[in-house]
Amino acid sequence: AKEFGPDWEAYRKRAGFFYDVKIKGNKETDFIQWDLPISEQPAKVQKLLEDLKFTPADPADTVGTGKDVYDALHFYVRGQPGIDHDSTRSDELTGEEQEFLFKLMGKYGIKGVRYLDAMSRDQGAGTYNYTVYDESDLVVIKRNGQQVNAHDEADLQEIEKDQGVDCLYQTA
């Protein structure tokens with residue numbers, strides 16, 4: 001709240017809520033690693049690519065990254081019969097396409113995408129942002145700095161053991 005200065009209340013009312021959450025799962029193995037080469041993607045991602053018969057343009061897997069994995073998955077979803085496709089939106093998936101993609105990734109234990117934040121990307125290391133596809137993979141700890149629920153300590157310890165990720169996000 002200090003970051004927003006004296007207008008915090010006005011900002012909060014306009015912008016929605018801030019949540020402190022824990023992400024269930026392992027930040028190293030349960031996410032597409034946006035900034036890493038395909039050859040360094042987690043085993044779950046590698047298995048998904050293998051099953052989809054994805055072949056990177058570069059045989060050494062040094063050019064393609066997690067972004068290319070994500071783009072390939074978009075292309076794969078667009079080719080599925082029986083799903084509502086919107087040909088006018090080439091860069092965005094329809095709601096039905098997103099649901100298909102998220103379920104597909106969930107079958108492989110992939111919870112979303114992990115990517116270096118804007119301040120870290122140029123250095124190739126630093127802090128990360130996460131896109132999580134299933135809200136059941138989030139445990140809300142605080143809303144606008146206030147404790148939300150009394151969480152079972154064993155659940156939180158399990159999340160920590162699995163390298164749960166602290167993050168802050170906003171929703172309107």
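Relevant structure appears above.
Keep in mind that what you see is a predicted model, and the values were worked out from it rather than measured.

A.B. asks: Where do I start with the overall build of the protein in this structure?
C.D. replies: Per the secondary structure count, the protein includes six helices and seven strands. Going from the N terminus to the C terminus, the protein shows its helices and strands as α-β-β-α-α-α-β-α-β-β-β-α-β. Here the contacts in the protein between residues at least 6 apart in sequence split such that 62% fall between residues at least 24 apart. Accessible area of the protein: about 10,900 Å², with a carbon and sulfur share of 50%.

A.B. asks: Sorry, what's going on with helix α3 (residues 66–78) here?
C.D. replies: Residues spaced three or four apart along an α-helix face the same direction, because each turn holds 3.6 residues. Its 13 residues give α3 an end-to-end C-alpha distance of 18 Å, which sits within 8% of 18 Å, the value for a rise of 1.5 Å per residue. Within α3, the full set of buried residues consists of Gly-66, Val-69, Tyr-70, Ala-72, Leu-73, His-74 and Val-77. Where α3 is buried, its residues meet β2 (31–33), α2 (43–51), α4 (95–107) and β3 (112–116).

A.B. asks: What is the right way to read the nonpolar core from this model?
C.D. replies: A general feature of soluble globular proteins is that nonpolar side chains tend to end up buried together. Membership of the largest hydrophobic core comes to 16 residues, with the highest contact counts inside it found for Ile-32, Val-69, Leu-73, Leu-101 and Met-105. For this core, the elements supplying multiple residues, two or more each, are α2, α3 and α4. Take this core: its biggest share by element is four residues, from α3. Here Leu-73 is in contact with Ile-32, Leu-48, Leu-52, Leu-101 and Met-105, once residues within four sequence places are set aside.

A.B. asks: Would you mind going over α4 with me for this structure?
C.D. replies: With 13 residues, α4 extends 18 Å between its outermost C-alpha atoms, agreeing within 8% with the 18 Å of an ideal straight helix rising 1.5 Å per residue. Those residues of α4 that fall on the buried side of the exposure criterion are Glu-97, Leu-101, Leu-104 and Met-105. Projected down its long axis, α4 carries its buried residues within an arc of 95°, all on one side. Those residues of α4 that are exposed and aimed more than 90 degrees away from the buried face are Gly-95, Lys-103 and Lys-107. As for α4, its buried residues are in contact with β2, α2, α3 and β3.

A.B. asks: Just checking my understanding: could you explain the pattern of salt bridges for this structure?
C.D. replies: Pairs can form between side chains of opposite charge once their charged atoms are near each other. Inspection of the entire model under this criterion finds eight salt bridges. The residue Lys-44 makes a salt bridge to Asp-30 at a minimum N-O spacing of 2.3 Å. Of this pair, Lys-44 sits in helix α2 while Asp-30 sits in the loop between β1 (17–23) and β2, and the two are 14 residues apart along the sequence. A residue is classified by how much of its surface remains accessible, and Lys-44, at 29% relative accessible area, is partly exposed. Of the charged contacts, one joins Lys-47 and Asp-51 as a salt bridge, the two residues approaching to 2.9 Å between their closest N and O atoms. Here the residue Lys-47 and the residue Asp-51 both occupy positions in helix α2, the gap between them amounting to four residues, near one helical turn. Since its relative accessible area comes to 32%, Asp-51 is described here as partly exposed.

A.B. asks: Sorry if this is basic, but what is going on with the pairing of β1 here?
C.D. replies: In regular strands, side chains alternate between the two faces of the sheet. With respect to burial, β1 is a largely interior element, five of its seven residues being buried. One ladder, built from five bridges, connects β1 with strand β5 (residues 138–143); its direction is antiparallel. Paired with Val-21 across the two strands is Val-140, which belongs to β5.

A.B. asks: Please explain the sheet that holds β3 as it appears in this structure.
C.D. replies: Think of a sheet as strands paired side by side through backbone hydrogen bonds, with each pair either parallel or antiparallel. Strand order in the open sheet formed by three strands is β2-β3-β4, and the pairing between neighbours is mixed. Each edge of the open sheet is held by one strand with a lone partner, namely β2 and β4 (128–132). Across the sheet, the mean angle from the axis of one strand to that of its neighbour is 25°, orientation sign disregarded. Strand direction decides the pairing type here: β3 and β4, joined by five bridges, are antiparallel. If you follow Leu-116 over to β4, its bridge partner there is Tyr-128.

How each quantity is defined
- Residues numbered from 1 in each chain as written.
- Predicted model: local features only at pLDDT ≥ 70, side-chain atom pairs only at ≥ 80, totals over all residues.
- Heavy atoms only, no water.
- Helix = DSSP H or I, 4+ residues; strand = E, 2+ residues; numbered from the N terminus.
- Contact = heavy atoms within 4.5 Å.
- Areas by Shrake-Rupley, 256 points an atom, 1.4 Å probe, with all protein chains shown as cover.
- Expected span 1.5 Å × (residues − 1).
- Buried < 20%, exposed > 50% of the residue type's maximum accessible area, 1.4 Å probe, protein only.
- Core = buried A, V, L, I, M, F, W, Y, C linked by side-chain atoms within 4.5 Å.
- Arc of directions from axis to C-beta.
- Salt bridge = Lys/Arg side-chain N within 4 Å of Asp/Glu carboxyl O.
- Pairing = 2+ DSSP bridges.
- Axes fitted to C-alpha atoms, helices over the stretch in contact; angles between N-to-C directions.

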